[in-house]
Amino acid sequence: MKKLLFLTAVLFQIYFSNAQETGYFYGGLESNSQWLQTDEGINFLAPEDQFRANNYILLNYNLGKFTAGVQYESYLPSALLGYDPIFDNQNNVATYYFNYKDESLDITGGYFYEQFGSGLILRSWEDRQLGLNNAFKGLNINFDATKDLSLKAVFGKQRYGFEESEGTIQALDADLSLSGALNVESIDIQLGASYVGRNQDTNGVEAIPTTVGAYGGRLDFIIDNFYAGVEAIIKDPDVIANEGQIASNKLYDGTALQVNAGYAQKGLGINATFRRLENFSFFSDRLAEGNIFNQQVINYVPGLTKQQDYLLTNIYVYNPQPRLIIESFDQRAGEVGTQFDLYYTFKKGSALGGRYGTKLAMNFSYWEVTRA
């Protein structure tokens, strides 16, 4: 609470001391509450703390090239049902930051969100509805070295409730517009390369690596109405964990491959995706692997089936399966699958278009868990 009062006082002092400048405040308030009751139909018994609430207060201040902000969160008396119990009966300043941004340089100190490429190797984001906020606390630098080359650097720990992860993350990313650098106008080619490393104390256990890195490259291009992209990542050998315990002292590496291709023109769109993951869970704490609340996750591995996020949200729900599991009762290595989308618009006045035109959308997807 003291942090919140101090930061708020600083922001107001900046605001009033620069009343003639263009600085301004902006932010928001969000509150979600539940009153849980017994439902015998689904065999649910109301807990003792029937009332639960999640509250968020966000305040930002901008003055020219400088921006500062703070987010205060309250989970009193308990967090909403389904959220990680680490939030229960907690309230405090959750995140804060100070940012400087000009035409070529963007620097953030404090808490920040970042993404490399598609997010397959690194993505931090906030989704309050899912109870996710895996912001990094440290330093984030974005630098446009030229009009065709941009660089990113990340250093810090990841948020875990109101605390921080055991592991420290250091990461680098580069994006190059090859077509721009070579003055080629007929094709748009983008190259990217990423490194993400986790450094964590092993408590004297020599069999466990102190630093585990992931290395990725990506290529995207557009030719007329065609587009395609490929991203490949390898992860250093590491131990695997389950429910906070190391499952084996043996080290296992990981890989990820994603390919997208498509064609688009007026009235027609085609898109295809292929992805293969093998032991590609990546967390800022090695013991966080397998936690059901997705806390301290470094990368972003969404379910890619259409049924996961559109129309049939309660039917054929698929969750991605990137983990390596070696338990005798359940052995998995990862997942592999593909999906295909087709969109077509029949013109107005045609036999199938009718008076207003008809839009057709088709999807096919197939995913399976690969066995260890």
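Reading the values: rules and limits
- Residues numbered from 1 in each chain as written.
- Predicted model: local features only at pLDDT ≥ 70, side-chain atom pairs only at ≥ 80, totals over all residues.
- Heavy atoms only, no water.
- Phe/Tyr/Trp six-rings, centres within 6.5 Å; stacked < 30°, edge-to-face > 60°.
- Buried < 20%, exposed > 50% of the residue type's maximum accessible area, 1.4 Å probe, protein only.
- Helix = DSSP H or I, 4+ residues; strand = E, 2+ residues; numbered from the N terminus.
- Lys NZ or Arg CZ within 6 Å of the ring centre and 35° of its normal.
- Pairing = 2+ DSSP bridges.
- Salt bridge = Lys/Arg side-chain N within 4 Å of Asp/Glu carboxyl O.
- Patch = residues over 30% accessible without salt bridge, like charges linked within 9 Å, V, L, I, M, F, W, Y side chains within 5 Å.
- Areas by Shrake-Rupley, 256 points an atom, 1.4 Å probe, with all protein chains shown as cover.
- Contact = heavy atoms within 4.5 Å.

Novice: How would you sum up the packing of aromatic side chains? Please name residues and give values.
Specialist: Under the counting rule described, the total for this entry stands at 14 aromatic pairs. On the basis of an interplanar angle of 40 degrees and a centroid distance of 5.7 Å, the ring pair of tyrosine 24 and tyrosine 26 is categorised as tilted. Using a relative accessible area of 44% as the deciding quantity, one classes tyrosine 24 as partly exposed. Plain terms: the ring middles of phenylalanine 66 and phenylalanine 98 are 5.8 Å apart, the flat faces sit at 35 degrees to each other, and that makes the pair tilted. Of this pair, phenylalanine 66 sits in strand E3 (residues 66-75) while phenylalanine 98 sits in strand E4 (residues 90-101), placing them 32 residues apart in sequence. One aromatic cluster is present, formed by Tyr56, Tyr75, Phe87 and Phe162 through successive ring pairs. Sitting over the ring of tyrosine 56, arginine 128 keeps its end group 4.5 Å from the ring centre. Its guanidinium or amino end placed over the ring of phenylalanine 162, arginine 159 lies 5.7 Å from that ring's centre, counting from NZ or CZ.

Novice: Now, about the pairing of strand E15 (residues 226-242): what can you tell me, with residues and values included?
Specialist: In terms of strand pairing, strand E14 (residues 211-223) meets E15 through 10 bridges, oriented antiparallel. Looking at the pairing, alanine 214 lines up with lysine 235 of E15. As consecutive antiparallel partners, E14 and E15 are separated by 2 residues, and within that stretch aspartate 224 has a phi angle of approximately 55 degrees, a positive value. Where E15 lies against strand E16 (residues 245-265), 14 bridges are found, and the strand directions are antiparallel. Bridging from a neighbouring strand, alanine 228 pairs with alanine 261 of E16.

Novice: Please provide a residue-by-residue account of the pattern of salt bridges, values included.
Specialist: Taken as a whole and assessed by the stated rule, the structure comprises 15 salt bridges. With a shortest N-O distance of 2.7 Å, arginine 159 and glutamate 73 are connected by a salt bridge. Note that arginine 159 is positioned in strand E11 (residues 149-160) and glutamate 73 in strand E3, a separation of 86 residues in sequence. With respect to burial, arginine 159 and glutamate 73 carry one shared label: buried.

Novice: Tell me about a nonpolar patch on the surface, and name the residues and values.
Specialist: A cluster of nonpolar side chains, contributed by Leu191, Leu219, Phe221, Ile223, Phe226, Val230, Leu257, Val259 and Phe274, occupies part of the molecular surface with about 630 Å² of accessible area. Mapped onto the elements of the fold, leucine 219 is located in strand E14. What makes leucine 219 partly exposed here is its relative accessible area of 30%.

Novice: Break down the environment of leucine 191 for me, citing the residues and quoting the values.
Specialist: Structurally, the position occupied by leucine 191 is in strand E13 (residues 188-199). Along the sequence, leucine 191 and aspartate 220 sit 29 residues apart, while their C-alpha atoms lie 6.6 Å from each other. Discounting chain neighbours no more than four positions away, the residues touching leucine 191 are Ala174, Asp175, Leu176, Leu178, Arg218 and Leu219.

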